[in-house]
Amino acid sequence: MNITSEHPLVLAGQYGSPYTLKMRAVLRYRHIPFRWVLRDSKWDDTPTPPVPLIPVIVYPNKDGSHGEATVDSSPQIMRLEGEFAGRSTVPTDPALAFIDSLIEDYGDEWVTKMMYHYRWAYQDDIDKAGKLLPISRNLQMGSDQAQQMYDYITTRQISRRELVGSTELNQPIIESSYERLLDIMQEQFATNDFMLGDRPGRGDFGIYGQFTQLVKWDPTSMAVAAKRAIKTVNWTDRMDDLSWLPVDGDSGWVTLEDLPAATRKLLAEIGSTYAPFMVANAQALMSGADEAVCEIHGQTYRQGPFAYQGKCLKWLRDDYAALSDADRLRVDAALDGTGCEVLFT
């Protein structure tokens, strides 16, 4: 590897991006040398990535110049796992690692709906995002340009709410799901610092990324968290930089058969929200239907099918199929009764 303190990775992203802050936290925790740069700012000289997404991680060439540019946080994490030893975010037990990846995908693909909803459904949140997001790229932006960017960003993002499921019909489903997640996390922190032991896994970083916005950035969801689950606010602060956390080799993970009670509740929450949606989305994509429709906590959830989330379910199913027979049986036992079983049947 060419990555050193002299020739580090470059992480290009934005403060208002949950996936950017997710990856920054992973790099800090793992002690991987990197340089942070604001995407599309005057300091951003990174190459064009294969897809216009953030964050972008750029690998250095041998001479320190910019090399390959990568996107998509989950593949980024797993690539780093293969390139850097120590302070891993992946449990050594393949069955536990699979559960961890399921939690991460829930954060990336379901909790993100909460984040998008709160940011673009409430006026105070719209105003904050519309004003802050543009100046993150250019602090010297004038008032006329800032107003133009405010109008462009807010109009565009509000128009996309339906694409991610943020509708009047789905509002009580999304908001109650956020409240239950906060309650589960608050219970978790009564006895544990992380989902799967004394160290963070991919699932912790997946939820953390969305919480950087939900509990620390957007006014309406921040107020809900501060009132309902204050420990999530402190946990989000801690997760931002865990470079200080002592980690002893590969130890520190719980066993799959002894998951914390709150983690089991989290799996049941995943099984009652993310799981039925992901299955309905896959079915809609396969049939060519205009809507993915499912029941979540006794209410009808509807949104247009989302191709990327169909890929996520396929990848998850591929990983499930790749487990040994013994580990697959252990995963089945851990998921029994949670509702997650529908993902793999």
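You'll find the structure just up there.
We now turn to the structure provided with this report. On a predicted model such as this, the values are computed, not experimentally measured, just so you know. (Residues numbered from 1 in each chain as written. Predicted model: local features only at pLDDT ≥ 70, side-chain atom pairs only at ≥ 80, totals over all residues. Heavy atoms only, no water.)

Along the backbone of the protein there are 13 helices and 6 strands. Computed over C-alpha atoms, the radius of gyration of the protein comes to 20 Å, within 12% of the 20 Å expected from 2.2 N^0.38 for 345 residues, which places it in the range of a compact globule. With the C-alpha coordinates aligned to their principal axes, the bounding extent of the protein is approximately 55 × 50 × 40 Å. Across the 345 residues in the protein, those meeting the buried criterion constitute 54%. Taking the contacts inside the protein whose residues are at least 6 apart along the sequence as the reference set, 72% of them involve residues at least 24 apart. As displayed, the protein has an accessible area near 15,200 Å², and 53% of this comes from carbon and sulfur atoms. (Helix = DSSP H or I, 4+ residues; strand = E, 2+ residues; numbered from the N terminus. Rg over C-alpha atoms; globule rule 2.2 N^0.38 Å. Buried < 20%, exposed > 50% of the residue type's maximum accessible area, 1.4 Å probe, protein only. Contact = heavy atoms within 4.5 Å. Areas by Shrake-Rupley, 256 points an atom, 1.4 Å probe, with all protein chains shown as cover.)

Let us now look at the pairing of strand β4 (residues 66–70). One face of the sheet, then the other: side chains in a regular strand alternate in exactly this way. Pairing geometry for strand β3 (residues 56–60) and β4, over 3 bridges, is antiparallel. Paired with I57 across the bridge in β4 is T70. (Pairing = 2+ DSSP bridges.)

Counted by the stated rule, this structure contains 15 aromatic pairs. Joined through ring pairs, the aromatic side chains of F98, Y320 and F344 make up one cluster. Here R24 stacks its cationic end above the ring of W36, 4.8 Å away from the centre of that ring. Its end group placed over the ring of Y59, R79 keeps NZ or CZ at 3.9 Å from the ring centre. (Phe/Tyr/Trp six-rings, centres within 6.5 Å; stacked < 30°, edge-to-face > 60°. Lys NZ or Arg CZ within 6 Å of the ring centre and 35° of its normal.)

Moving on, we get to the layout of surface pockets. Reported here for the second largest pocket is a volume of approximately 180 Å³. Residue lining of the second largest pocket: F189, D193, F194, D198, K231, N234, W235, R238, L242, W244 and L245, and that is the complete set. (1 Å grid on protein atoms, 1.4 Å probe; cavity = no way out; pocket = protein on both sides within 12 Å on 5 of 7 lines; lining within 4 Å. Points joined across faces, edges and corners; volume = space filled by probe spheres on them.)

In this model, I54 is joined to P55 through a cis peptide bond whose omega is 5 degrees. Note on placement: P55 falls in the loop between β2 (34–38) and β3. Even without being a glycine, H31 presents a positive backbone phi close to 60 degrees. Structurally, H31 is set in the loop between α1 (18–29) and β2. Taking relative accessible area as the criterion, H31 reaches 47% and is therefore assigned partly exposed. Positive phi is not limited to glycine here, since D72 has a value of about 85 degrees. Of note, D72 is situated in the loop between β4 and α2 (73–83).

Moving on: the sheet that holds β3. Taking strand neighbours across the sheet as the criterion, the 4 strands line up as β2-β1-β3-β4 in an open arrangement whose pairing is mixed. If you trace the sheet from one side to the other, it starts and ends with β2 and β4, each paired once. Ignoring which end each strand starts from, the neighbouring axes of this sheet average 25 degrees apart. Sheet topology places strand β1 (residues 9–13) next to β3; 3 bridges connect them, and they run antiparallel. Paired with L11 across the strands is I57, a residue of β3. The strands touched by α2 within the sheet are β1, β3 and β4, with β3 carrying the most contacts at an inclination of about 25 degrees. (Axes fitted to C-alpha atoms, helices over the stretch in contact; angles between N-to-C directions.)

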